[in-house]
Amino acid sequence: MARPSSEPCSWCGAAVEESDGFRAYEPTGKRRAIFCRLEHVVPWAIQGPHWEAGALTDPRSAGDRPRLCSHCGSELAEIEVLLVRHRGEHRIADFFCSTEHMAAWAKAGGRWQ
């Protein structure tokens, strides 16, 4: 079955195209969330993250680089949370110890801190 070309943002419900937005994954629980904007991670996490069932859709996103929490710098034995920025054909991944660290990182401006 083909995946839809857009899916709703987990926070605001706006359509998020496959080539845009952010995908959060919790690999151990096979759960995910989709965001049209990085800022939507913050209120979503504050109100209690509402994950959807779904596995990592693009394994290349995790890459082969060392896995360090993008918020605190701790080395991760397993990926707790993965946030992937979709920008055209490019995928930019960040790893986190927890959903709380992902939200704190997003609140601080993400990669643009």
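Structure's up top.
Residues numbered from 1 in each chain as written. Predicted model: local features only at pLDDT ≥ 70, side-chain atom pairs only at ≥ 80, totals over all residues. Heavy atoms only, no water.

(A) Up close: the overall build of the protein. Helix and strand content of the protein: two helices and seven strands. For the protein, the N- to C-terminal ordering of α and β elements is β-β-β-β-α-β-β-β-α. For the protein, with 113 residues in total, the buried portion stands at 39%. Carbon and sulfur atoms make up 50% of the accessible area of the protein, which amounts to about 6500 Å² in all. (Helix = DSSP H or I, 4+ residues; strand = E, 2+ residues; numbered from the N terminus. Buried < 20%, exposed > 50% of the residue type's maximum accessible area, 1.4 Å probe, protein only. Areas by Shrake-Rupley, 256 points an atom, 1.4 Å probe, with all protein chains shown as cover.)

(B) Highlighting the side chain of Ser-98. With respect to the element layout, Ser-98 can be found in the loop between strand E7 (90-96) and helix H2 (99-107). Polar side-chain contacts of Ser-98 include one of 3.3 Å to the side chain of Glu-100. Ser-98 has contacts with Glu-80 and Val-81, leaving out every residue within four places of it along the chain. (Polar contact = N/O pair within 3.5 Å; in protein donor to acceptor, adjacent residues only side chain to side chain. Contact = heavy atoms within 4.5 Å.)

(C) Geometry of the pairing of strand E4 (residues 31-35). Taken across its five residues, E4 has four buried, putting it largely inside the fold. Linking two consecutive strands that pair antiparallel, namely strand E3 (residues 22-26) and E4, is a turn of four residues; a positive phi of about 50 degrees is found at Lys-30 within it. The pairing of E4 with strand E5 (residues 52-53) spans two bridges and is antiparallel. Note on E5: the bridge partner recorded for Arg-32 is Glu-52. (Pairing = 2+ DSSP bridges.)

(D) View of the packing of aromatic side chains. For the structure on display, the rule yields three aromatic pairs. An aromatic cluster of three or more residues is present, and its members are Phe-35, Trp-44 and Trp-51. (Phe/Tyr/Trp six-rings, centres within 6.5 Å; stacked < 30°, edge-to-face > 60°.)

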